[in-house]
Amino acid sequence: QLLYSSWQFQNIPELRPVVVTILKKLNDATPTDFLRQLAEKKKGELKYAELLKHFGPSMKRLVWEAEYDALVEQEEEEEALTLQSGLLISDLVSPSVAEYTGDEVLC
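Below, the structure is looked at part by part. (Residues numbered from 1 in each chain as written. Predicted model: local features only at pLDDT ≥ 70, side-chain atom pairs only at ≥ 80, totals over all residues. Heavy atoms only, no water.)

Here the focus is the nonpolar core. In terms of nonpolar packing, the biggest core is built from 19 residues, with Leu-3, Trp-7, Leu-23, Leu-38, Leu-51, Phe-55 and Val-63 touching the most fellow members. What Val-63 contacts, discounting residues up to four positions off in sequence, is Leu-35, Leu-38, Ala-39, Leu-52 and Leu-88. (Core = buried A, V, L, I, M, F, W, Y, C linked by side-chain atoms within 4.5 Å. Buried < 20%, exposed > 50% of the residue type's maximum accessible area, 1.4 Å probe, protein only. Contact = heavy atoms within 4.5 Å.)

Right, here's the structure in full:
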C-alpha cells in the first residue's frame, strides 16, 4: 500500500529515495505492474531511468523479466523476441554482441 501511495512522488528528486527504498525492500514482492512501469520507454528512452539507476542486478533482473513476460503475452511471433526487439536487456546486451561479432580476430 505504501508503494501505491508514494509512487506519485517518484519524479520529485527529494522524495525519490522513499520510492527507491520501498522498491528495494519489496524486491521479489514488488507488484508486476510497477516492474513493468519501470521498463517503460518514452521516445526510445527509459521513462524511469532515474529510478532504475539506484537498483542492483537483482531488482533490474525483475524489471527485465516483467518486461519480457509482458512482451511474450502480447506477441505471437518469436521474431519479436530478438536483440532488435527493444527490450531493456537487449539494449544492454546488443553493444557487447556487436563488438564480439565484429572482432576480426574471432572470425
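Across all of its chains, the model carries three aromatic pairs by this definition. Relative to Phe-34, the ring of Trp-7 has its centre 5.1 Å away and its plane inclined at 70°; by these criteria the two rings are edge-to-face. Separated by 27 residues along the polypeptide, Trp-7 in the loop between helix H1 (2-6) and helix H2 (16-26) and Phe-34 in helix H3 (residues 32-38) bring together distant segments of the chain. Judged by relative accessible area, which is 11%, Trp-7 ranks as buried. On the basis of relative accessible area, Phe-34 is assigned to the buried category, the value being 3%. Ring centres 5.3 Å apart and planes at 50° place the aromatic pair Trp-7 and Tyr-48 in the tilted group. On the criterion of sequence distance, the pair formed by Trp-7 in the loop between H1 and H2 and Tyr-48 in the loop between strand E2 (45-46) and helix H4 (49-52) is long-range, its members being 41 residues apart. Linked through ring pairs, Tyr-4, Trp-7, Phe-34 and Tyr-48 together constitute an aromatic cluster. (Phe/Tyr/Trp six-rings, centres within 6.5 Å; stacked < 30°, edge-to-face > 60°. Helix = DSSP H or I, 4+ residues; strand = E, 2+ residues; numbered from the N terminus.)

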